[in-house]
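# Fold and contact review
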Amino acid sequence: MGLQLPKRARNLAFGVTAGAAVLLLSGCSASTQDEWKRIAMPEPASAEAPGMLHLWQWAWVAAMVTGVITWGLILYAVIRFRRRSEDEVPVQTRYNLPIEIFYTVAPIMMVIVFFFFTVQEQDRVLKDVKDPDNVITVVGQQWSWAFNYNYDANAKDFQGEAIGSPVVHEVGTPADPPTLWLPKDETVEVHLYSADVIHSFWVPAFLFKMDVFPGRDNHYTFTPNRLGTYEGRCAELCGVYHSRMLFKVKVVTRAQYDDHLATLADADHPESHGPAVGGSEVNTQAGLDQNGANE
Ligand SMILES: [Cu+2]
């Protein structure tokens, strides 16, 4: 005896499904449709981001193709081999060697293909660039960030080194998150440095994040190519106030960038002069005090 839904219930189920599909497809504005195409990724704001976006999109295509084949096979088996009468039990199959070989080999092949394209993209994104236009050390510490311009805190075995001038920095607090300024269309080498525990430097618009380890020089180079202000976050659970480790990234023109660095370097902003790399300066850095209040 098969599953017999009353006709009205079947019509209702079909109507709801069709209605939802129509609403889903027709209710989309152009920007929502773009978001669908990017499969919820933000609009890329760096020269490197589209490559990572494509990896993401094609991984989804592969996953969907696999899903459709799998769902199709399940449905086929459910319908084709269903129990048709009270006294007849469908053929019971315990082993099927060809199918078992197929579902062992197919996933292994898929993992190999995913792995190949991931490594290829990763090598491209992490490639060292000779003579980057800007060098910035980002210091993560509980519970905010410091941005050091023209400074590599990890150079010369963690002694630090000025790379260009002026060496200036800016810091923030969880209540007043800092902003990292970057010039458009110039390569930026970011060095990540932690003064305490593991954090992760994440700007969703660049479709990239990298962990920030104490005592290790993690770095990468990228080229922001769209003017605007973007959200940044810590993406590694680093303690109680992890969710408040926010920052902003402002991509500006070269002239605006020069102006901003000149302002940080002028006599009115002595607190911004030189590097701020945490460590012994941890307690003097803006953040939260031990009671969790903003300093
Ligand atoms: Cu953190």
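So, a few notes on the structure that sits alongside this text. (Residues numbered from 1 in each chain as written. Predicted model: local features only at pLDDT ≥ 70, side-chain atom pairs only at ≥ 80, totals over all residues.)

## Quick word on the overall build of the protein chain
A tally of regular secondary structure across the protein chain gives six helices and twelve strands. For the protein chain, the residues scored as buried account for 24% of the 295 residues in total. Taking the contacts inside the protein chain whose residues are at least 6 apart along the sequence as the reference set, 68% of them involve residues at least 24 apart. (Helix = DSSP H or I, 4+ residues; strand = E, 2+ residues; numbered from the N terminus. Buried ≥ 20, exposed ≤ 12 C-beta atoms within 10 Å, placed from the backbone. Contact = placed C-beta atoms within 7 Å.)

## Here's the deal with unusual backbone geometry
The omega torsion of the bond from Gln 142 to Trp 143 falls at 15°, within 30 degrees of zero and hence cis. Assignment of secondary structure puts Trp 143 in the loop between β1 (134–141) and β2 (144–149). Residues Ser 165 and Pro 166 are joined by a peptide bond in cis, for which omega reads 0°. Locating Pro 166 in the fold gives a position in the loop between β4 (161–162) and β5 (168–171). The backbone phi angle of Asn 150 is positive, close to 60°, even though this residue is not glycine. Along the chain, Asn 150 falls in the loop between β2 and β3 (151–152). Among the residues examined, Asn 150 registers 20 C-beta atoms within 10 Å and is labelled buried. Its identity is not glycine, yet Leu 207 carries a phi of approximately 50°, on the positive side.

## A closer look at the environment of Gly 215
Residue placement: Gly 215 occurs in the loop between β9 (208–212) and β10 (218–222). A C-alpha to C-alpha distance of 8.3 Å links Gly 215 and Ala 195, two positions 20 residues apart in sequence.

## Overview of the sheet that holds β2
A sheet is described by the order of its strands in space; here five strands give the open sequence β5-β2-β1-β7-β10, paired in mixed fashion. Across the chains shown, the open sheet's two edge strands, defined by having one partner strand only, are β5 and β10. Pairs of neighbouring strands in the sheet enclose a mean axial angle of 20°, with direction left out of account. When β1 meets β2, the two strands line up antiparallel, connected through six bridges. From the neighbouring strand, Ile 136 faces β2, where its bridge partner is Tyr 149. (Pairing = 2+ DSSP bridges. Axes fitted to C-alpha atoms, helices over the stretch in contact; angles between N-to-C directions.)

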